[in-house]
Amino acid sequence: MSFFSLFRSRAKPSATEAKERLQILLAHERSDLAKPDYLPRLHKELLQVIAKYVEIEEDKIIVDFETQGSVSTLEVNIELPSRAGARPPLLQAAAT
Amino acid sequence: MGKVIVMTSGKGGVGKTTSSAAFAAGLAMKGQRTVVIDFDVGLRNLDLIMGCERRVVFDFINVINGDARLSQALIKDKRIENLSVLPTSQTRDKDALTRDGVEKVLDELRDQFDYIVCDSPAGIERGALMALYFADEAVIVTNPEVSSVRDSDRILGVLGSRSRRAEQGLEPVKEHLLLTRYDPSRVEKGEMLKLEDVLEILAIPLLGIIPESETVLKASNLGMPVILDPTSKAGQAYTDVVGRYLGETIEHRFMQPERRGLFQRLLWRTA
Ligand SMILES: Nc1ncnc2c1ncn2[C@@H]1O[C@H](COP(=O)(O)OP(=O)(O)OP(=O)(O)O)[C@@H](O)[C@H]1O
Ligand SMILES: [Mg+2]
């Protein structure tokens, strides 16, 4: 196979690839747009507060917003490091 | 009461100013009293495309600030009756356009004109938001290209949430798709998104397709809206767009590559 046939023998025309990539991306972006814009700030502030008490990484806190019909839910998911007893038990109890 | 139409896109350089000039000129040629406003503060270009750059004395910002009356800033087109241009200023002050100021000017224009065409700057920042805020209708100028389609989708989201009509719960801004710089021969080769793909993704009604054409650059060199060039395919497509917008039934053209004769094709191959 020559160098040029690498480009020519692509399975799909590039425009088809473009369409598929757009469809996937826009499905994401549209659902993000429907979310309140305070989510990133809420995430950051939660992280700051929790970090005062527990060692935690940024991606262990997930803040999400979901709308189904007329009901909206704000979901906050905090995953604590699995070192039982290393931290005040009260907080761990509250978080799990 | 005049209608406010914004030409918007998110992405830059897709043909908003070209389309604003052509669409406004076309409406005026159909006897509609039309004004086209440059919202691209600091990067004014509409005056150049309309060929009236040397006649600018006062501008949009002067009117907003009360330094000039609207009638002093409006430039009447010399070629087309019923057509006026409201140029913007070169100021670098991003806050020059105030919402109250823009509203006052638009309200005054609504009394004098049938159509008020707003040439939006690129982006989704202040300038673009100001251009679309008071719109009754929006023409989404899109190129058949991934980043342009994505930005059009974003702008549609903004129209649906941050325009005055959205904020006040009025009837939503009416949306039209204008697909520009379309190259049917590249579409046929599978190198460019086709009309159907863009329509499927953006899902808004199609106003028209403007083919990629060298005549657009030529018209801009001359300071003449391309719709005034009857030999231009792009100009003809804009004429169709205006007719369609005003309710005429006009089939979409320029979606197929131009067929060359066999002899020409052979020459093309060997060239
Ligand atoms: N149908 C077309 N065929 C060929 N060239 C075109 C076409 N439409 C626009 N252009 C060219 O594309 C360039 C950008 O056009 P234009 O200034 O109208 O875009 P814009 O969206 O207003 O840009 P900006 O976001 O910077 O305001 C210009 O050089 C113009 O000549
Ligand atoms: Mg422009």
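Up top is the structure.
In this text the structure is predicted, and so the values were computed from the model without any measurement.

The rules behind the values
- Residues numbered from 1 in each chain as written.
- Chains lettered and ligands numbered in written order.
- Predicted model: local features only at pLDDT ≥ 70, side-chain atom pairs only at ≥ 80, totals over all residues.
- Heavy atoms only, no water.
- Helix = DSSP H or I, 4+ residues; strand = E, 2+ residues; numbered from the N terminus.
- Contact = heavy atoms within 4.5 Å.
- Areas by Shrake-Rupley, 256 points an atom, 1.4 Å probe, with all protein chains shown as cover.
- Lys, Arg positive; Asp, Glu negative; His and termini not counted.
- Charge placed at Lys NZ, Arg CZ, Asp CG, Glu CD.
- Buried area = accessible area lost by both parts, 1.4 Å probe.
- Salt bridge = Lys/Arg side-chain N within 4 Å of Asp/Glu carboxyl O.
- Polar contact = N/O pair within 3.5 Å; in protein donor to acceptor, adjacent residues only side chain to side chain.
- Phe/Tyr/Trp six-rings, centres within 6.5 Å; stacked < 30°, edge-to-face > 60°.
- Lys NZ or Arg CZ within 6 Å of the ring centre and 35° of its normal.
- Axes fitted to C-alpha atoms, helices over the stretch in contact; angles between N-to-C directions.
- Parallel < 35°, antiparallel > 145°, perpendicular 65-115°, else oblique.
- Left-handed = near helix turned anticlockwise from the far one by under 90°.
- Nonpolar A, V, L, I, M, F, W, Y, C, P; charged D, E, K, R; others polar.
- Near = heavy atom within 4 Å.
- 1 Å grid on protein atoms, 1.4 Å probe; cavity = no way out; pocket = protein on both sides within 12 Å on 5 of 7 lines; lining within 4 Å.
- Sits in = over half its atoms within 2 Å of the grid points.
- Pairing = 2+ DSSP bridges.

Each helix and strand counted, chain B has 13 helices and eight strands in total. C-alpha atoms of chain B, sized along the principal axes, occupy 65 × 40 × 35 Å. Partitioning the contacts of chain B with sequence separation of at least 6, the portion at a separation of at least 24 is 74%. Total accessible area computed for chain B in this model is approximately 13,000 Å², and 48% of it derives from carbon and sulfur atoms. For chain B, the distance from the average position of its 36 positive side-chain charges to the average position of its 39 negative side-chain charges is 4 Å.

Moving on: the interface of chain B and chain A. Counting residues at the interface gives 14 residues for chain B, matched by 12 residues for chain A. Buried area between chain B and chain A, both sides added, is near 1,200 Å², and the carbon and sulfur share of it is 61%. For chain B, the biggest contributors to the area lost against chain A are B:V146, B:R150 and B:I201; these three give 41% of the whole. The interface formed by chain B and chain A contains four salt bridges. In this structure, B:D197 and A:K19 form a salt bridge, with 3.5 Å as the shortest nitrogen-oxygen distance. If you look at where chain B meets chain A, you find seven residue pairs in polar contact (both at pLDDT 80 or more). Those elements that place two or more of their residues in the side of chain B that touches chain A are α7 (146-162) and α10 (195-202) of chain B.

Residue and element names in this part refer to chain B. Enumeration over the complete set of coordinates arrives at four aromatic pairs over all chains. Ring pairs connect the aromatic residues F23, Y115 and Y245, which therefore count as one cluster. Its end group placed over the ring of Y133, R99 keeps NZ or CZ at 3.5 Å from the ring centre.

Let us look at the packing of helix α1 (residues 16-29) of chain B against helix α12 (residues 233-245) of chain B. Residues and elements named next belong to chain B. Remark: α1 packs on α12, axes separated minimally by 9 Å, with the N-to-C direction vectors making an angle of 60°. In terms of axis orientation, α1 runs oblique to α12. In this structure, α1 crosses over α12, and the sense of that crossing is right-handed. Mapping the contact onto sequence places T18, S19, A22, F23, G26 and L27 in α1 and Y238, V241, V242 and Y245 in α12. When grouped by side-chain class, the residues that make up the contact of α1 with α12 number seven nonpolar, three polar and no charged.

Let us look at the site of ligand 1. Residues and elements named next belong to chain B. Lining the immediate environment of ligand 1, one finds 15 residues, of which G13, K16, T17, T18 and S213 sit closest. One nitrogen or oxygen atom from the main chain of G13 is found 2.9 Å from an oxygen atom belonging to ligand 1. P211 places a polar main-chain atom, nitrogen or oxygen, 3.0 Å from a nitrogen atom of ligand 1. Isolated, ligand 1 exposes 630 Å² of accessible area, and the fraction of that covered by the protein chains is 77%. The site holding ligand 1 turns out to be the second largest pocket. Where the shell around ligand 1 is concerned, the elements lending two or more residues are α1 and β8 (206-211). No other element matches α1, which puts three residues into the shell around ligand 1. In terms of residue class, the shell around ligand 1 is made up of five nonpolar, six polar and four charged.

All names here are of chain A. With eight bridges joining them, strand β1 (residues 61-68) and strand β2 (residues 71-78) adopt antiparallel strand pairing. The residue bridging F65 from the neighbouring strand is L74, located in β2. Taking the residues that link successive antiparallel strands as the turn, the β1-β2 hairpin has two residues, and the phi of G69 there is positive, at about 65°.

Residue and element names in this part refer to chain B. Spatial ordering of the open sheet is given by β3-β4-β2-β5-β1-β6-β7-β8, a layout of eight strands whose pairing is mixed. What marks the edges here is a single partner per strand, and that holds for β3 (75-76) and β8. Together, β6 (137-142), β7 (174-182) and β8 form the strand contacts of α10, whose direction differs from that of β7 by roughly 150°.

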